[in-house]
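# Structure at a glance
Here are the chains, one letter per residue:
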Amino acid sequence: MGPAEGRRGVTIRLEHISKRYRLGQRETVALDDVSITVERGEILGLIGHSGAGKSTLLRCINLLERPSSGTVTVDGVRLDTLPERELQRQRRRMGMIFQHFHLLSSATVAENVAFPLRLAGVSRTDRERRVREVLHWVGLAGFEDKYPSQLSGGQKQRVAIARALAPGPDVLLCDEATSALDPQTTQTILDLLLAAQRELGVTLVVVTHDMSVVQRICDRVVVMHRGRVVETGTAADVLLDPRHELTRELVREAGWQMTGRHAPLMGRRTVLTFVGDNVYEPVLMRVAQAAGVTFSIVEGRIDRLKVQPFGRIVVDWQGTDEQWKRAAALLEALGVSVSEAVTTGSRG
Ligand SMILES: Nc1ncnc2c1ncn2[C@@H]1O[C@H](COP(=O)(O)OP(=O)(O)O)[C@@H](O)[C@H]1O
Ligand SMILES: [Mg+2]
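These numbers come from a predicted model, not from an experiment. (Residues numbered from 1 in each chain as written. Chains lettered and ligands numbered in written order. Predicted model: local features only at pLDDT ≥ 70, side-chain atom pairs only at ≥ 80, totals over all residues. Heavy atoms only, no water.)

### Points about the packing of aromatic side chains
Stated precisely, the cut-off is as follows: Pairing of aromatic side chains here covers Phe, Tyr and the six-membered ring of Trp, requires ring centres within 6.5 Å, and sorts the geometry by plane angle: under 30 degrees stacked, over 60 edge-to-face, intermediate tilted. Starting at the N terminus, helices and strands are each numbered in turn, a helix being any DSSP run of H or I of at least four residues and a strand any DSSP run of E of at least two. Each residue is assigned to one of three classes by its accessible area relative to the maximum for its type, calculated with a 1.4 Å probe on protein chains only: buried under 20%, partly exposed between the two thresholds, exposed over 50%. Whether a charge sits over a ring comes down to the Lys NZ or Arg CZ being within 6 Å of the ring centre and within 35 degrees of the ring normal.
Evaluation of the coordinates by the stated rule reveals two aromatic pairs. Their ring planes at 50° and their centres at 5.6 Å tell us that F295 and W317 sit as a pair that is tilted. Here the residue F295 occupies a position in strand β12 (residues 294-305), and W317 occupies one in strand β13 (residues 308-318), the gap between them amounting to 22 residues. Classification of F295 as partly exposed rests on a relative accessible area of 23%. Seen in terms of ring centroids, W317 and W324 are 5.3 Å apart; in terms of plane orientation they differ by 40°. Their pairing is tilted. By relative accessible area, W324 is classed as buried at 8%. Grouped by ring-pair contacts, the aromatic residues F295, W317 and W324 constitute a single cluster. The positively charged end of K146 is found above the aromatic ring belonging to F143, 5.9 Å away from the centroid.

### Quick look at the side chain of Q90
Worth spelling out the cut-off: The contact rule is simple, with two residues in contact once any of their heavy atoms fall within 4.5 Å.
Within the element layout of this structure, Q90 appears in helix α2 (residues 84-91). Those residues within four positions of Q90 in sequence are excluded, and the remaining contacts are V77, L79 and L82.

### Quick notes on the domain arrangement of the protein
In many reports, interface size means the accessible area that the parts give up when they come together. Put simply, the rule reads: Segment limits for the domains were obtained from an automatic or database-derived domain assignment. Defined here as a combined quantity, buried area equals the accessible surface (1.4 Å probe) lost by two parts on assembly, summed across both. Salt bridges are defined by distance alone: a side-chain nitrogen of Lys or Arg within 4 Å of a carboxyl oxygen of Asp or Glu. In protein, a polar contact means a hydrogen-donor-capable atom and an acceptor-capable atom, both N or O and within 3.5 Å, with residues adjacent in sequence counting only if both atoms are side-chain atoms; elsewhere, any N or O pair within 3.5 Å suffices.
As assigned here, the protein comprises domain 1 (3-93 + 169-253) and domain 2 (268-340). One C-alpha centre belongs to domain 1, the other to domain 2; they are set 35 Å apart. Taken residue by residue, the interface counts twelve residues in domain 1 and ten residues in domain 2. Summing both sides of the interface, domain 1 and domain 2 together bury roughly 770 Å²; the carbon and sulfur share of this comes to 53%. The three residues of domain 1 that bury the most area against domain 2 are R198, Q215 and L240, which together make up 69% of that side's buried surface. On the surface where domain 1 and domain 2 come into contact, there are one salt bridge. Measuring nitrogen to oxygen at the nearest pair gives 2.8 Å for the salt bridge that ties K306 to D219. Here domain 1 is connected to domain 2 by seven residue pairs in polar contact (both at pLDDT 80 or more).

### Quick word on helix α9 (residues 245-253)
Rule in force here: The directions considered for the arc are those from the helix axis to the C-beta atoms.
Listing the buried residues of α9 in full gives L246, T247, L250 and V251. Here the buried residues of α9 occupy an arc of 135° about the axis, which is enough to place them on one side. Those residues of α9 that are buried are in contact with β3 (43-47), α7 (211-217), β9 (220-225), β10 (228-234) and α8 (235-240). Positive phi appears at G255, one or two residues downstream of α9, with a value of about 85°.

### Remarks on the pairing of strand β7 (residues 171-175)
Heads up, the condition is: When DSSP finds two or more bridges between two strands, those strands count as paired. Crossover handedness is defined here as right-handed if the route from the first strand over the helix to the second strand goes clockwise, with the strands pointing away from the viewer.
In terms of residue burial, β7 counts as a mostly covered element, since five of its five residues are buried. Covered by surrounding structure in β7 are V171, L173 and D175 together with L172 and C174, the residues of both alternating faces. Examined bridge by bridge, strand β6 (residues 94-98) and β7 share five bridges and lie parallel to one another. Of the residues in β7, the one forming a bridge with G95 is L172. In the classification by handedness, the crossover that spans β7, the intervening helix α6 (residues 183-200) and the parallel strand β8 (residues 203-208) is right-handed.

### Concerning the sheet that holds strand β2 (residues 26-38)
As summarised here, the arrangement of the four strands in space is β2-β1-β4-β5, forming an open sheet in which the pairing is antiparallel. A single partner strand is all that each edge strand has here, and the edge strands are β2 and β5 (77-78). Relative to strand β4 (residues 69-74), strand β1 (residues 12-23) runs antiparallel, the two being bridged by five bridges. Looking across to β4, one finds that L14 is bridged to V72.

### Comments concerning unusual backbone geometry
Not every positive phi belongs to a glycine, and D75 is a case in point at roughly 55°. In this structure, F101 is a non-glycine residue whose phi angle is positive, near 70°.

### Structural notes on a nonpolar patch on the surface
Stated formally: Distance thresholds for patches are 9 Å for like charges and 5 Å for nonpolar side chains (Val, Leu, Ile, Met, Phe, Trp, Tyr), applied to residues having over 30% relative accessible area and no salt bridge. Methods summary: accessible areas were calculated by the Shrake-Rupley approach with a probe of 1.4 Å, and residue burial reflects only the protein chains presented.
Side chains of L104, F115 and L119 sit close together on the surface and give an oily, nonpolar patch of about 290 Å² of accessible area. Among the secondary structure elements, F115 is positioned in helix α3 (residues 109-119).

### Things to note about the site of ligand 1
Quick reminder of the rule: Any residue with a non-hydrogen atom lying within 4 Å of a molecule or strand is treated as near it.
Inspection of the region around ligand 1 gives Y21, T28, A30, H49, S50, G51, A52, G53, K54, S55 and T56 as its neighbouring residues. Within the side chain of K54, one N or O atom sits 2.9 Å away from an oxygen atom of ligand 1. One of the side-chain N or O atoms of S55 is found 2.8 Å from an oxygen atom in ligand 1. Coverage of ligand 1 by the protein amounts to 63% of the 560 Å² it exposes when considered alone.

### A word on the nonpolar core
Within soluble globular proteins, side chains that are nonpolar tend to cluster in buried spots. To keep it simple, the criterion reads: Buried Ala, Val, Leu, Ile, Met, Phe, Trp, Tyr and Cys residues form a nonpolar core when they are joined through side-chain atoms within 4.5 Å.
Ranked by internal contacts, the top residues of the largest apolar core, which has 57 residues, are I97, L172, L193 and I217. Examining the composition of this core, we find that eight residues originate from one element, α6, more than from any other. Non-local contacts of I217, meaning those with residues more than four positions away in its chain, are made with I43, L190, L193, L194, V206 and K306.

Next up, the structure:
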């Protein structure tokens, strides 16, 4: 595995997808006219609360779920009109992993990973070689003869990833793949998904309700609410400047909506966002000096968006309106985004 796998990613286009479930007299609209595009080689996050339609949409990509209407196009091929046999072949280009791993408990690790290869008619010798190769790639060399019950959650998910990648898919569909794992194990699985993107060129669609997953691995995000798409953007846009109320709520839950509301007001309260290698302290010093203002830092957090460093701090400024205007202009010119903090409820 590795660069030899070539660049596999494909573009996925879902257009005007609706899905209705009928239970007796009652009808549930799980998806209501959803259109999304997944770009070749990217990691797209599908986020939203439980019941938003994320899993249903994910399953429409490989047509495990038949949409009530709409079209599914993968790498230029319309999947929804393909005859079943041809669809089976196309499905092999898409691996899938789940929250609860879905391993066969009565089969060994090697047999689990070999399963899709067997279905694809791969010879025994090639299967054995490939199973060893993918197990090595996910860090489970030597685990061939173990049973799922002998593995930790993280190891089980590695087996599931090995199984999904064994046929050399172009796409990996992930449904809450880290939701059953502790934070440390989550990080190792997310690293493996990033490696699938970087080393294998796989395109990933990642369903999650967890903003930290978005922050750590996603390039773009689609936010869903009640079967509809309510917001789409780059991970940076959605995390740092959420537009829809639901997105704001998800971002707030993840602790990115800082207001410094617990600290006494010491001037004009602002939220500054630094993206990239800008280190904030020297920038604040330079701006304060040039504009003749002083400042105090109320609250701050520095982190990464995928690999890009960024920081967000709440700062109180002391000075005249004129001086502040100058400072704000300088900050913007240095690539720092400036917004007024919501100070309702703060003392001061
Ligand atoms: N097989 C099904 N039969 C009936 N209703 C379903 C079925 N699958 C999903 N739903 C309903 O569709 C809606 C979206 O579900 P789902 O896609 O699982 O949401 P999410 O993954 O965002 O939690 C929910 O209201 C759910 O109850
Ligand atoms: Mg779901």
